[in-house]
Amino acid sequence: MAVRAQVTMTVSPGSSIEQVTPGVLRGINLGAERGLALSLRGVPMRDGILAASGTVERATDIEEGAAVVFDTPYAVRLHEHPEYDFSKDANPNAEGKWVENAMIRGKAEIGEIMRTEARRG
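So, here is what we can say about the structure in this document. (Residues numbered from 1 in each chain as written. Predicted model: local features only at pLDDT ≥ 70, side-chain atom pairs only at ≥ 80, totals over all residues. Heavy atoms only, no water.)

Concerning the overall build of the chain
The test is simple: Only runs of H or I of at least four residues qualify as helices and only runs of E of at least two qualify as strands under DSSP, and these elements are numbered from the N terminus. Relative accessibility under 20% of the residue-type maximum defines a buried residue, over 50% an exposed one, and the middle range a partly exposed one, all with a 1.4 Å probe and only protein chains included. Residue contacts are counted whenever heavy atoms from the two residues lie within 4.5 Å of one another. Surface accessibility in these figures is a Shrake-Rupley result with a 1.4 Å probe; residues are shielded only by whichever protein chains are displayed.
Broken down by element type, the chain carries five helices and three strands. Classification of the 121 residues of the chain by burial places 40% in the buried group. Counted over contacts in the chain with a minimum sequence separation of 6, partners at least 24 positions apart contribute 63%. Carbon and sulfur atoms make up 53% of the accessible area of the chain, which amounts to about 7300 Å² in all.

Listed below in structure tokens is the structure:
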């Protein structure tokens, strides 16, 4: 299970895409890492296997992007059913759509990470 977010950027006059590409790639990957960290706050927890499966598939080019992935047989089922009554015993913040919700709540922070790295080039 993976969630993708679309990011649009404008290159400043006098800059070429080749100049900013290394920073953009770094920003995409750092933004995805932060997205994973934010997502872990809402992962339903029973035995920790679902949370431990969380990884980032790193971007190797800017068109491809990065992905936050939770890789268990039941990850999609739990993520896509926020109506489930998730136990709050091990994680009081457990919720469905934990990746999407974390990305929405962290949009400004993740965007700033990406902008900062893109500017560094």
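Anyway, onward from the coordinates.
Thoughts on the nonpolar core
For clarity, the threshold we go by: For our purposes a nonpolar core is just a set of buried Ala, Val, Leu, Ile, Met, Phe, Trp, Tyr and Cys residues, chained together by side-chain atoms within 4.5 Å.
Judged by nonpolar contacts, the single largest core of 26 residues is most densely connected at L50, F70 and W98. Elements with a contribution of two residues or more to this core: helix 1 (17–40), helix 2 (49–52), strand 3 (67–70), helix 3 (75–79), helix 4 (98–105) and helix 5 (107–120). With seven residues, the single largest contributor to this core is helix 1.

Quick look at helix 4
The condition is simple: The arc refers to the directions leading from the helix axis to the C-beta atoms.
Every buried residue of helix 4 is listed here: W98, V99, A102 and M103. One side of helix 4 carries all its buried residues, which in axial view fall inside an arc of 130°. Turned more than 90 degrees away from the buried face of helix 4 sit I104 and R105, all of them exposed.

Looking at the pattern of salt bridges
For the record, the criterion: A pair is scored as a salt bridge if a Lys or Arg side-chain nitrogen falls within 4 Å of a carboxyl oxygen belonging to Asp or Glu.
Summed over the entire model, instances satisfying the criterion amount to nine salt bridges. Where E33 meets R58, a salt bridge forms, and the shortest distance between an N and an O atom there is 3.7 Å. With a gap of 25 residues between them, E33 in helix 1 and R58 in the loop between strand 2 (54–57) and strand 3 connect regions that are remote in the sequence. Judged by its relative accessible area of 34%, E33 falls in the partly exposed class. With its nearest N and O atoms 2.6 Å apart, the salt bridge here joins R34 to E109. Separated by 75 residues along the polypeptide, R34 in helix 1 and E109 in helix 5 bring together distant segments of the chain. Under the relative-accessibility criterion, R34 is labelled partly exposed at 24%. Judged by relative accessible area, which is 36%, E109 ranks as partly exposed. The network of salt bridges with common partners includes R26, E117 and R120.

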